[in-house]
Amino acid sequence: MEERFLIFIDGTDDAAMFPVASLLGVTVSGEGAVVLNFVNGLGPNATEDKRDFVTLTCTADAELKVFKSIADAISGNSFKSNGYVVIADDVNSSYVDSDITACAISLNS
C-alpha cells in the first residue's frame with residue numbers, strides 16, 4: 001500500500017504533514033483539546049519532549065466524536081488519489097470534523 005499522509009495547517013499558516021505510520025496515539029489533554037502524538041525525525045525511541053504534537057481545539061464534550069472522525073479519515077476513503085487527507089486547516093476553516101475549531105502544531109525535532 002502506498003504511503004498515506006495527514007496534513008495540518010494552523011491559523012498562522014504554519015503547516016505539517018505526517019505519514020499515518022508516525023501517529024503514536026490520540027489523547028485528550030483537557031476540555032476540548034485533542035492531541036495527536038507523532039514520531040519525529042529522531043525516530044520512534046525519541047523521548048516525549050522530542051516528539052511532534054498537533055493539538056486540535058474542539059467543542060467541549062465532542063472529543064470522542066473527533067476521535068472517531070480522525071479514525072474514519074485514516075481508515076476510510078477520505079484520502080485523495082495522491083495519498084493525503086487534511087485533518088485541520090485553520091486558514092480555510094476546513095476540518096475532518098465539524099466540531100474542530102482550530103489546530104496548533106508543535107514540532108520538536
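This report concerns the structure included in the present document.

Conventions used here
- Residues numbered from 1 in each chain as written.
- Predicted model: local features only at pLDDT ≥ 70, side-chain atom pairs only at ≥ 80, totals over all residues.
- Heavy atoms only, no water.
- Pairing = 2+ DSSP bridges.
- Helix = DSSP H or I, 4+ residues; strand = E, 2+ residues; numbered from the N terminus.
- Axes fitted to C-alpha atoms, helices over the stretch in contact; angles between N-to-C directions.
- Contact = heavy atoms within 4.5 Å.
- Buried < 20%, exposed > 50% of the residue type's maximum accessible area, 1.4 Å probe, protein only.

## Considerations on the sheet that holds strand β1 (residues 5–9)
Here is step 1 of the chain: Strand order in this open sheet of 4 strands is β2-β1-β6-β7, and the pairing throughout is mixed. The sheet is open, and its two edges are formed by β2 (15–19) and β7 (94–95), each paired on a single side.
Here is step 2 of the chain: When strand β6 (residues 84–89) meets β7, the two strands line up antiparallel, connected through 2 bridges. The partner of D89 across the bridge, within β7, is S94.

## What about the sheet that holds strand β8 (residues 100–106)?
Here is step 1 of the chain: Read from one edge of the open sheet, 4 strands run β3-β4-β5-β8, paired in antiparallel fashion. This sheet does not close on itself; its edge strands, each paired only once, are β3 (23–30) and β8. Averaged over all neighbouring strand pairs, the angle between strand axes comes to 20 degrees, with direction disregarded.
Here is step 2 of the chain: Taken strand by strand, helix α1 (residues 63–75) contacts β3, β4 (33–38), β5 (52–58) and β8, and its axis lies near 165 degrees from that of β3.

## With respect to unusual backbone geometry
Here is step 1 of the chain: Non-glycine residue D13 carries a positive phi angle of around 70 degrees.
Here is step 2 of the chain: A relative accessible area of 55% means that D13 is categorised as exposed.
Here is step 3 of the chain: Phi is positive for S93, close to 50 degrees, though the residue is something other than glycine.
Here is step 4 of the chain: On the secondary structure map, S93 appears in the loop between β6 and β7.

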